[in-house]
Amino acid sequence: MERIVPEGAVTFEDLTRTGLGREQAEAAMARLSGVANQCILTREEQQQRAEVAKRAWLDTRSEEFRERHLLTDWPGLADPAQLALFHGRREEALLERMALQPAA
């Protein structure tokens, strides 16, 4: 498992400076520790990630990778408020995908 947004890349202060209220910023920070900010990578993908600066890594991924990992609307790290929206949408998409999987 790898974090999509590296630890420490976005702070509570970054979020509140964008105009998010306290509750919204707290929810966004909680998502940074949640499933919506995690990505399960193959060994090859882990090696590729190790070779690129973590902040820029997602920007180098193919469209196929982004679709497979539900990252097609990745906003980058430039706008922390957009990250909060991204994590909310990705969390919903992950839950939807899990609901579609047949039970083992």
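Check the entry above for the structure.
Everything quoted here is computed from the prediction, not taken from an experiment. (Residues numbered from 1 in each chain as written. Predicted model: local features only at pLDDT ≥ 70, side-chain atom pairs only at ≥ 80, totals over all residues. Heavy atoms only, no water.)

## A look at the packing of aromatic side chains
Logical step 1: Enumeration over the complete set of coordinates arrives at 1 aromatic pair.
Logical step 2: For the ring pair W74 and F86, a centre distance of 5.4 Å and an interplane angle of 75 degrees mean the geometry is edge-to-face. Of this pair, W74 sits in the loop between helix 5 (63-68) and helix 6 (80-100) while F86 sits in helix 6; the two residues are 12 residues apart in sequence, bridging distant segments of the chain. (Phe/Tyr/Trp six-rings, centres within 6.5 Å; stacked < 30°, edge-to-face > 60°. Helix = DSSP H or I, 4+ residues; strand = E, 2+ residues; numbered from the N terminus.)

## What to know about the pattern of salt bridges
Logical step 1: Applying the stated criterion to the full structure yields 7 salt bridges.
Logical step 2: R68 serves as the salt-bridge partner of E45, at 2.9 Å between the closest nitrogen and oxygen. Of this pair, E45 sits in helix 3 (residues 43-51) while R68 sits in helix 5, placing them 23 residues apart in sequence.
Logical step 3: Salt-bridge contacts for E64 lead to R68; the nearest nitrogen and oxygen are separated by 3.0 Å. (Salt bridge = Lys/Arg side-chain N within 4 Å of Asp/Glu carboxyl O.)

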